Amino acid sequence: MNQHFLTPRELEIFKLLISNETTKTIANKLKISEKTVRNHISNVIGKLGVSSRTQAIILLAKSGMISI
């Protein structure tokens with residue numbers, strides 16, 4: 001999987017998700033809305049062709065794009 005397939009912001013959000021951050025906390029840290037965080041998560045799920053955040057995290061971890 002090509003790491004450039006996802007934007008730096010999308011990767012940043014997933015790294016925060018695996019650090020057990022909530023959507024609200026991520027939004028506050030990044031100074032964006034919760035809706036924007038959810039949109040990034042949905043975009044990644046769509047790009048990866050999976051059906052959940054958990055599946056996306058597993059696939060990103062297996063590909064080495066994030067570490068758990």
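Owing to the predicted nature of the structure, the values given are computational and were not obtained by experimental measurement.

Visitor: Please explain the side chain of Glu21 as it appears in this structure.
Guide: Here Glu21 is to be found in the loop between helix H1 (8-18) and helix H2 (23-30). Polar contacts involving the side chain of Glu21 include one to the side chain of Lys29, which spans 2.8 Å.

Visitor: Which parts of the structure should I look at to understand the pattern of salt bridges?
Guide: Should the charged atoms of two oppositely charged side chains come close, the side chains can pair. Scanning the entire structure with this criterion turns up three salt bridges. Salt-bridge contacts for Arg9 lead to Glu12; the nearest nitrogen and oxygen are separated by 3.0 Å. Note that Arg9 and Glu12 are positioned in helix H1 at a spacing of three residues, about one turn of the helix. Judged by relative accessible area, which is 28%, Arg9 ranks as partly exposed. Glu12 gets classed as partly exposed once you look at its relative accessible area, which sits at 33%. Among the ionic pairs, Glu21 bridges to Lys29, the shortest N-O distance being 2.8 Å.

Visitor: Honestly, unusual backbone geometry in this entry has me stumped. Any pointers?
Guide: If a residue is not glycine, its phi is most likely negative; likewise, a peptide bond is most likely trans. Positive phi values are uncommon outside glycine, yet Asn20 reaches one of about 70°. For Asn20, a relative accessible area of 69% translates into the label exposed. Phi angles above zero are rare outside glycine, and Lys31 is one such case at about 60°. Mapped onto the elements of the fold, Lys31 is located in the loop between H2 and helix H3 (34-48).

Visitor: Even after reading the chapter, I still don't get the packing of H2 against H3, so can you show me in this structure?
Guide: When two helices pack together, their arrangement is given by the angle between the helix axes and the distance between those axes. Where H2 meets H3, the axes come as close as 8 Å, and the angle between the chain directions of the two elements is 110°. Compared by their axis directions, H2 and H3 come out roughly perpendicular. Here Thr23, Lys24, Ile26 and Ala27 of H2 lie close against H3, whose contacting residues are Glu34, Val37 and Arg38. A class-by-class count of the residues in the contact of H2 with H3 yields three nonpolar, one polar and three charged.

What counts, and where the lines are drawn
- Residues numbered from 1 in each chain as written.
- Predicted model: local features only at pLDDT ≥ 70, side-chain atom pairs only at ≥ 80, totals over all residues.
- Heavy atoms only, no water.
- Helix = DSSP H or I, 4+ residues; strand = E, 2+ residues; numbered from the N terminus.
- Polar contact = N/O pair within 3.5 Å; in protein donor to acceptor, adjacent residues only side chain to side chain.
- Salt bridge = Lys/Arg side-chain N within 4 Å of Asp/Glu carboxyl O.
- Buried < 20%, exposed > 50% of the residue type's maximum accessible area, 1.4 Å probe, protein only.
- Axes fitted to C-alpha atoms, helices over the stretch in contact; angles between N-to-C directions.
- Parallel < 35°, antiparallel > 145°, perpendicular 65-115°, else oblique.
- Contact = heavy atoms within 4.5 Å.
- Nonpolar A, V, L, I, M, F, W, Y, C, P; charged D, E, K, R; others polar.

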